[in-house]
Amino acid sequence: MSQENVELARKVLDALARRDPTRLIELSDPEVEWHSFFALAEGEGTYRGHDGARRYMSDLDDAFEIGRAEVDDALGVGDVAVLVGRIRFRGKGSGVESETPTGWMLRFRNGKLLCFRAFRRPEQALEAVGLTE
């Protein structure tokens, strides 16, 4: 199941990059939680449920023209996938392109995304599941 979750995690990141809310909902459990450092919602960047997933994507779309994840390494541990890499993005208002190192922790339940957490430092994703570099 671990490797399957890594593949599901990559599909989630792809749906985000393509701004495909329909695909994102298909991949998500109705009780999904999104914790993001990019988009700010109620609860300091936490979005809940399918409606929250739609708001998350909308907030990302409002702020960025492009945004795509590049994964350098991935690890599946039980129902969790941990990925590390970077996000490349361009601000909608400023037009400034940038990239930032990032780590992601995605938890799955019955083949659906239950929790998505993005971290400003890749090692934080490993720490979130009790691993160290």
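The next point concerns the pairing of strand S1 (residues 28-35). The sheet contact formed by S1 and strand S6 (residues 112-119) spans four bridges and is parallel. Considered in S6, the bridge of Ser28 is made with Leu113. In this sheet, strand S2 (residues 46-48) lies alongside S1 in antiparallel orientation, the contact comprising three bridges. The partner of His35 across the bridge, within S2, is Thr46.

Within the largest apolar cluster, 29 residues are counted, with the highest numbers of intra-cluster contacts made by Val12, Leu16, Trp34, Trp104, Leu106, Leu113 and Phe116. Residue assignment for this core shows that the elements contributing at least two residues are helix H1 (2-17), helix H2 (21-27), S1, helix H4 (49-63), strand S4 (80-91), strand S5 (97-109) and S6. Among the elements that make up this core, the one with the highest residue count is H1 (seven residues). Apart from residues no more than four positions distant in its own chain, Phe116 is found in contact with Val12, Leu13, Leu16, Glu33, Trp34, His35, Tyr56, Trp104, Met105 and Leu106. Of all hydrophobic cores here, the second largest spans seven residues; its members include Val80, Met105, Cys115 and Leu126.

Residue placement: Val12 occurs in helix H1. Considered as a pair, Val12 and Leu114 are 102 residues apart in the sequence and their alpha carbons are 11 Å apart. In contact with Val12, other than residues within four places in its own chain, are Leu24, Leu27, Trp34, Leu106, Leu113 and Phe116.

Turning next to the environment of Gln3. Residue placement: Gln3 occurs in helix H1. Remark: the alpha-carbon pair of Gln3 and Phe108, spanning 105 residues in sequence, is separated by 12 Å.

Attention shifts here to the side chain of Thr102. The residue Thr102 is located in strand S5 in this model. A polar contact of 3.1 Å, which involves the side chain of Thr102, links it to the backbone oxygen of Thr100. In contact with Thr102, other than residues within four places in its own chain, are Phe37, Leu83, Val84, Gly85, Arg86, Ile87, Phe119, Arg120 and Pro122.

Turning to its location among the elements, Leu113 is positioned in strand S6. Judged by relative accessible area, which is 0%, Leu113 ranks as buried. Sequence separation between Leu113 and Val32 is 81 residues; the distance between their C-alpha atoms is 6.3 Å. Discounting residues that sit within four places of it in the chain, Leu113 has contacts with Val12, Leu27, Ser28, Asp29, Val32, Trp34, Leu106, Arg107 and Phe108.

Right, let's talk about H1 for a bit. Look at H1: 23 Å from first C-alpha to last across 16 residues, which is about the 22 Å you get at 1.5 Å a residue. Those residues of H1 that sit buried are Asn5, Val6, Leu8, Ala9, Val12, Leu13, Ala15 and Leu16.

Here we come to the pattern of salt bridges. Following the criterion strictly, the structure yields 15 salt bridges and no others. Note that Arg109 is salt-bridged to Asp29, the shortest N-O span being 2.9 Å. Here Arg109, found in strand S5, pairs with Asp29, found in strand S1; they are 80 residues apart in sequence, far enough to count as distant. Here Arg109 falls in the partly exposed class, since its relative accessible area comes to 33%. Residues joined in a network through salt bridges with shared partners are Arg68, Glu70, Asp72, Arg86, Arg88 and Glu99.

What counts and what doesn't
- Residues numbered from 1 in each chain as written.
- Predicted model: local features only at pLDDT ≥ 70, side-chain atom pairs only at ≥ 80, totals over all residues.
- Heavy atoms only, no water.
- Pairing = 2+ DSSP bridges.
- Helix = DSSP H or I, 4+ residues; strand = E, 2+ residues; numbered from the N terminus.
- Core = buried A, V, L, I, M, F, W, Y, C linked by side-chain atoms within 4.5 Å.
- Buried < 20%, exposed > 50% of the residue type's maximum accessible area, 1.4 Å probe, protein only.
- Contact = heavy atoms within 4.5 Å.
- Polar contact = N/O pair within 3.5 Å; in protein donor to acceptor, adjacent residues only side chain to side chain.
- Expected span 1.5 Å × (residues − 1).
- Salt bridge = Lys/Arg side-chain N within 4 Å of Asp/Glu carboxyl O.

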